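Structural overview
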Amino acid sequence: DPGAATITPADMADFLANEFADLFDDPAWGATWSVAASDNIVSRIGPSERTETGTNANEQSLRTLVEALAMIGGLGIGALSEETRLVVVEQGRQMLGQGVTDIAALQGQLGFAQNAIELADERMSIARDLLAQTIGEAENVDAAEAKVRVDLLTTQLEMSYALTGQLARLSILNYA
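Residues numbered from 1 in each chain as written. Predicted model: local features only at pLDDT ≥ 70, side-chain atom pairs only at ≥ 80, totals over all residues. Heavy atoms only, no water.

**Description of the pairing of strand β1 (residues 42-46)**
Pairing analysis gives 4 bridges linking β1 to strand β2 (residues 49-52), with the strands arranged antiparallel. Following the sheet pairing, V42 is matched in β2 by E52. (Pairing = 2+ DSSP bridges. Helix = DSSP H or I, 4+ residues; strand = E, 2+ residues; numbered from the N terminus.)

**Some points on the confidence of the model for the protein chain**
With 98% of its residues at a pLDDT of 70 or more, the protein chain shows a mean pLDDT of 88. Across the protein chain, element-level confidence peaks in helix α1 (residues 9-22) with a mean pLDDT of 94 and bottoms out in β1 with 85. (pLDDT = per-residue confidence, 0-100.)

**Considerations on the pattern of salt bridges**
Counted under the stated rule, the structure contains 6 salt bridges. Across the pair E49 and R123 runs a salt bridge, and its minimum N-O distance is 3.1 Å. Of this pair, E49 sits in strand β2 while R123 sits in helix α4 (residues 82-139), and the two are 74 residues apart along the sequence. (Salt bridge = Lys/Arg side-chain N within 4 Å of Asp/Glu carboxyl O.)

**Side note on a negative patch on the surface**
There is a patch of like negative charges on the surface, built from D11, D14, E19, D22 and D25. The topology assignment puts D11 in helix α1. (Patch = residues over 30% accessible without salt bridge, like charges linked within 9 Å, V, L, I, M, F, W, Y side chains within 5 Å. Areas by Shrake-Rupley, 256 points an atom, 1.4 Å probe, with all protein chains shown as cover. Lys, Arg positive; Asp, Glu negative; His and termini not counted. Charge placed at Lys NZ, Arg CZ, Asp CG, Glu CD.)

**What to know about the nonpolar core**
Within the largest apolar cluster, 13 residues are counted, with the highest numbers of intra-cluster contacts made by M12, L16, F20, F24, M71, L80 and V88. The set of elements that each furnish at least two residues to this core consists of α1, α3 (60-74) and α4. In this structure L16 touches A21, E67, M71, L75, V87, V88 and Q91, once residues within four positions along its chain are discounted. (Core = buried A, V, L, I, M, F, W, Y, C linked by side-chain atoms within 4.5 Å. Buried < 20%, exposed > 50% of the residue type's maximum accessible area, 1.4 Å probe, protein only. Contact = heavy atoms within 4.5 Å.)

**Some points on α3**
Each α-helix winds once per 3.6 residues, and so residues spaced three or four apart point in a common direction. Its 15 residues place the ends of α3 20 Å apart at the C-alpha level, agreeing with the 21 Å of an ideal helix rising 1.5 Å per residue. When we look at burial in α3, the residues that qualify are S61, R63, T64, L65, E67, A68, A70 and M71. Buried residues along α3 sit in contact with α1, α2 (28-33) and α4. Downstream of α3 by a residue or two, G76 has a phi angle that is positive, lying close to 65°. (Expected span 1.5 Å × (residues − 1).)

Printed below as a string of structure tokens:
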């Protein structure tokens, strides 16, 4: 647009802070830029432990990056005056810096979730191994040894019944 060279730095700063910024806030963000769901995936990693294991395109950090890239790449800064171009480039630089910082924080959150998943996986692996060992011990009973133990217990039970019978027949009158 031939009129782009006449845009003042103050007008550009006002445009970037208001009309342009509104394009990256709701509801314009969902209508123009993204149809992604805003709900993140929440995974259960333990009996009472859950963690977010994903992110989405509606995160503010991604919006900030898209806004900065659209500002620098889509506003036709080549047609602007030098002072106005500097306003756009400086605002874009600041937003890119903020977006990169926010993305790093988002990566940290996802890294924390990844670490929690790895720890939960280790706990489940240990529990699985212990359960497999317990089942193996229960299933791998020697039949001959089990029969010997059952026979021994049966003999002890029969002796106990015999002694109980003898005790029941005892009377003080037998010894008087």
